[in-house]
Amino acid sequence: MSEPASISMGIAARYATAMFELATEAKALDALQADVAALEGALAESDDLTDLITSPIYSRDETEAAIGAVAKAMGLNDMTGNTLRLMASKRRLFVLPALLRALREKIADHKGEVTADVVSAKPLTKTQSEKLSKALKASVGKDVNLNATVDESLIGGLVVKVGSKMIDSSIRSKLNALKNTMKEVG
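Note that the structure is predicted; figures quoted are calculated from it, not measured. (Residues numbered from 1 in each chain as written. Predicted model: local features only at pLDDT ≥ 70, side-chain atom pairs only at ≥ 80, totals over all residues. Heavy atoms only, no water.)

Caption draft 1: Region of the structure containing the layout of surface pockets. In this model, the largest pocket occupies a volume close to 310 Å³. Forming the boundary of the largest pocket are 13 residues, of which Glu105, Val114, Thr115, Asp117 and Gly163 lie nearest the centre. Elements represented by at least two residues in the lining of the largest pocket include exactly α6 (96-110), β1 (113-120) and β3 (158-162). Considering every element that reaches the lining of the largest pocket, the biggest residue donor is α6, with five residues. In the lining of the largest pocket, the residues fall into three nonpolar, two polar and eight charged. (1 Å grid on protein atoms, 1.4 Å probe; cavity = no way out; pocket = protein on both sides within 12 Å on 5 of 7 lines; lining within 4 Å. Points joined across faces, edges and corners; volume = space filled by probe spheres on them. Helix = DSSP H or I, 4+ residues; strand = E, 2+ residues; numbered from the N terminus. Nonpolar A, V, L, I, M, F, W, Y, C, P; charged D, E, K, R; others polar.)

Caption draft 2: Structural detail: helix α2 (residues 29-45). Compared with the 24 Å implied by 1.5 Å per residue over 17 residues, the 24 Å span of α2 between its first and last C-alpha is a close match. Within the span of α2, buried status applies to Leu29, Leu32, Asp35, Val36, Leu39, Ala42 and Leu43. Mapping the buried residues of α2 onto a view down its axis gives an arc of 145 degrees, with all of them on the same face. α2 presents Asp30, Ala44 and Glu45 as exposed residues on the side facing more than 90 degrees away from its buried surface. (Expected span 1.5 Å × (residues − 1). Buried < 20%, exposed > 50% of the residue type's maximum accessible area, 1.4 Å probe, protein only. Arc of directions from axis to C-beta.)

Caption draft 3: Spotlight on the pairing of strand β4 (residues 165-168). Of the strand pairs in this sheet, β3 and β4 are connected by four bridges, and their pairing is antiparallel. The residue bridging Lys161 from the neighbouring strand is Met166, located in β4. Two successive antiparallel strands, β3 and β4, enclose a turn made up of two residues, where Gly163 displays a positive phi of approximately 60 degrees. (Pairing = 2+ DSSP bridges.)

Caption draft 4: Region of the structure containing the pattern of salt bridges. What the rule picks out here adds up to five salt bridges. A salt bridge links Asp30 to Lys111; the nearest nitrogen and oxygen atoms lie 3.6 Å apart. With Asp30 in helix α2 and Lys111 in the loop between α6 and β1, the pair connects residues that are 81 residues apart, well separated along the chain. Notably, a salt bridge pairs Asp109 with Lys142, separated by 3.6 Å at the nearest N-O pair. You can see Asp109 sitting in helix α6 and its partner Lys142 sitting in the loop between α7 (126-140) and β2 (143-150), a full 33 residues away along the chain. (Salt bridge = Lys/Arg side-chain N within 4 Å of Asp/Glu carboxyl O.)

Caption draft 5: Seen up close, α6. Taking 1.5 Å of rise per residue, 15 residues should cover 21 Å, and α6 covers 21 Å from first to last C-alpha, within 8% of that figure. Backbone geometry just downstream of α6 places Gly112 in the positive-phi region, at approximately 75 degrees.

Caption draft 6: View of unusual backbone geometry. A positive phi angle is found at Lys27, which is not glycine, with a value near 55 degrees. Inspection of the secondary structure puts Lys27 in the loop between α1 (3-25) and α2. For Ile155, which is not glycine, the phi torsion reads 70 degrees and is therefore positive. Relative to the elements of secondary structure, Ile155 occurs in the loop between β2 and β3. We classify Ile155 as exposed; its relative accessible area is 54%.

Caption draft 7: Broad picture of the packing of α2 against helix α5 (residues 78-89). At their nearest, the axes of α2 and α5 sit 9 Å apart, and the two run at 50 degrees to each other. With respect to their mutual orientation, α2 and α5 come out oblique. Of α5, the residues touching α2 (which contributes Leu32, Asp35 and Leu39) are Met79, Thr80 and Leu84. For the contact of α2 with α5, the per-class residue count stands at four nonpolar, one polar and one charged. (Axes fitted to C-alpha atoms, helices over the stretch in contact; angles between N-to-C directions. Parallel < 35°, antiparallel > 145°, perpendicular 65-115°, else oblique. Contact = heavy atoms within 4.5 Å.)

And the structure:
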């Protein structure tokens with residue numbers, strides 16, 4: 001991991017730990033989980049929000065006021081809004097995506113769940129998602145939440161990542177392996 005990335009992860013981990021502990025004490029984990037999902041959705045959909053958290057052209061005051069307005073408009077928990085404003089005043093909003101991932105992991109671990117990142121060539125049907133969740137639960141021993149995305153370049157099959165384990169059964173990877181084997185032969 002590069003040094004700036006590890007610094008970002010360290011900052012995000014400290015904020016995530018503080019937010020998680022505060023939410024646990026206040027018995028507001030469900031509210032925090034809803035805020036995490038809302039912020040992840042907003043970041044995925046809004047280029048303006050992504051620009052706000054990453055661009056250095058905005059002053060601390062402008063960023064703090066803007067993120068406060070976003071938090072209020074989204075109806076986020078007071079603790080989440082205050083944390084976002086604090087991060088803006090300290091010029092730390094750039095770690096927001098890593099913070100959200102860390103919070104999602106802490107909440108899932110607390111609930112005895114694990115998140116599996118699943119990439120498929122086509123969107124999974126509900127039946128396929130349920131079968132995959134059951135199979136992963138049998139393998140991992142915990143309830144599994146699927147974070148499904150689509151990548152048509154896979155051609156077919158799945159790429160599943162649970163924690164540090166990755167299973168790549170995509171046709172693209174099989175074709176690449178065949179290509180490498182043929183290079184060795186000829």
